[in-house]
Amino acid sequence: MKKIILIGSGGHSRSCIEVIESEKKFKISLLVDKVSENKGRFNTILESNFISNYKLDKTNLLISIGQLKSGKQRKKIYEFYKNKGCNFPVIQSKSSYISNKSKINEGTIIMHRAFVNSNSIIGKNCIINTGVIIEHDVVIGNNVHIAPGAIILGGCHIKENSFIGSGVVLKQNTLLKKDSIISSSK
């Protein structure tokens, strides 16, 4: 198995670990955190130590920091490590379904029981969380988080850095501008 390093060690990271371990394509070698180090199940080191002591070029990374608002912070982290030459594989739970006529871009994680239907495009560095349904012809920009149980109906377009809350249902052909935050159905 290839090695992967997770940037972030909080609650969302634990969910990412679950998906990565079920997928069995990557072995988690390290967690990187801004505030603490430990020697738990996975070694966790400070981001400053990681940046100064590790060869980053061609390293597989996943940003395992969730977002409750804008994806601007995820974007900043992604761009920093991308500029260092890091790779960002797509992580997909075995219990999810992605149409072979859809496209998932780098650094995106598709969590357990998510469903992505035909002709949909999901941008870079996105979180498609547990039980999300993305119907046909949906376009999701970069750095977007779709929270558990959300339903995105056909033809929707969600621009970059947006957040869609748990249980939200976006009706057909909804267009959300950049940096949108939707915490209830629209």
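Everything below is about the structure printed above this text.
Residues numbered from 1 in each chain as written. Predicted model: local features only at pLDDT ≥ 70, side-chain atom pairs only at ≥ 80, totals over all residues. Heavy atoms only, no water.

Participant: Kindly report on the overall build of the chain, identifying the contributing residues and their values.
Facilitator: Of the regular secondary structure elements, the chain holds three helices and 21 strands. Projected onto its principal axes, the C-alpha positions of the chain cover 50 × 30 × 25 Å. Per-residue burial for the chain yields a buried fraction of 47% across its 186 residues. For the chain, long-range pairs separated by at least 24 residues make up 32% of all intrachain contacts whose partners lie at least 6 apart in sequence. Of the side-chain charges in the chain, 28 are positive and 13 negative, and the distance between the mean point of each set is 1 Å. (Helix = DSSP H or I, 4+ residues; strand = E, 2+ residues; numbered from the N terminus. Buried < 20%, exposed > 50% of the residue type's maximum accessible area, 1.4 Å probe, protein only. Contact = heavy atoms within 4.5 Å. Lys, Arg positive; Asp, Glu negative; His and termini not counted. Charge placed at Lys NZ, Arg CZ, Asp CG, Glu CD.)

Participant: A description of the pattern of salt bridges should follow, citing residues and the corresponding values.
Facilitator: Counted according to the given criterion, the structure contains five salt bridges. A salt bridge links Lys72 to Asp179, with the shortest nitrogen-to-oxygen separation between them at 3.9 Å. Of the two residues, Lys72 sits in helix H3 (residues 72-83) while Asp179 sits in the loop between strand E20 (175-176) and strand E21 (181-182), which places them 107 residues apart along the sequence. By relative accessible area, which is 49% here, Lys72 ends up partly exposed. Note that Lys82 and Glu106 form a salt bridge whose closest N and O atoms lie 3.0 Å from each other. Separated by 24 residues along the polypeptide, Lys82 in helix H3 and Glu106 in the loop between strand E8 (103-104) and strand E9 (109-110) bring together distant segments of the chain. What makes Glu106 partly exposed here is its relative accessible area of 21%. Through salt bridges with shared partners, a single network forms among Lys75, Glu160 and Lys178. (Salt bridge = Lys/Arg side-chain N within 4 Å of Asp/Glu carboxyl O.)

Participant: How would you summarise the sheet that holds E21 if you had to cite specific residues and measurements?
Facilitator: Within the open sheet, the six strands sit side by side as E6-E9-E12-E15-E18-E21. Their pairing is parallel. Two strands close off the open sheet at either side, each with one partner strand: strand E6 (91-92) and E21. Both E6 and E9 contribute to a ladder of two bridges, which runs parallel. Within E9, the position partnered with Gln92 by the bridge is Ile110. (Pairing = 2+ DSSP bridges.)

Participant: Go over helix H1 (residues 11-23) with me, naming the residues and quoting the values.
Facilitator: Residues separated by three or four positions in an α-helix point in the same direction, a consequence of the helix having 3.6 residues per turn. With 13 residues, H1 ought to run about 18 Å at 1.5 Å a step, and its terminal C-alpha atoms sit 19 Å apart, in line with that. Considering only its buried residues, H1 is in contact with strand E1 (2-7), strand E2 (26-33), strand E5 (61-63), E6, E9 and strand E12 (127-128). Looking one or two places after H1, you find Lys24, whose phi comes out positive at around 60°. (Expected span 1.5 Å × (residues − 1).)

Participant: Can you lay out the pairing of E2 for me, pointing to particular residues and giving the numbers?
Facilitator: Regular strands show a simple pattern: their side chains alternate between the two faces of the sheet. With six of its eight residues buried, E2 lies for the most part within the structure. Taken together, the six bridges between E1 and E2 define a ladder with parallel strand orientation. Within E2, the position partnered with Leu6 by the bridge is Leu31. Assessed by its sense of winding, the connection that carries the chain from E1 through H1 to E2 is right-handed. (Right-handed = clockwise from strand over helix to strand, strands pointing away.)

Participant: Could you give an account of unusual backbone geometry, with specific residues and numbers?
Facilitator: One non-glycine residue, Asn119, lies in positive phi territory at about 65°. Non-glycine residue Asn143 carries a positive phi angle of around 60°. With relative accessibility at 4%, the residue Asn143 sits in the buried group.

Participant: Go over the sheet that holds strand E7 (residues 97-98) with me, naming the residues and quoting the values.
Facilitator: One open sheet holds the five strands; their spatial order is E7-E10-E13-E16-E19, and the pairing between them is parallel. Where the open sheet ends on each side, the last strands, each with one partner, are E7 and strand E19 (169-170). The pairing of strand E10 (residues 115-116) with strand E13 (residues 133-134) spans two bridges and is classified as parallel. Directly across from Val116, in E13, lies its bridge partner Ile134.

These results come straight from atomic positions and should not be treated as a statement about function.
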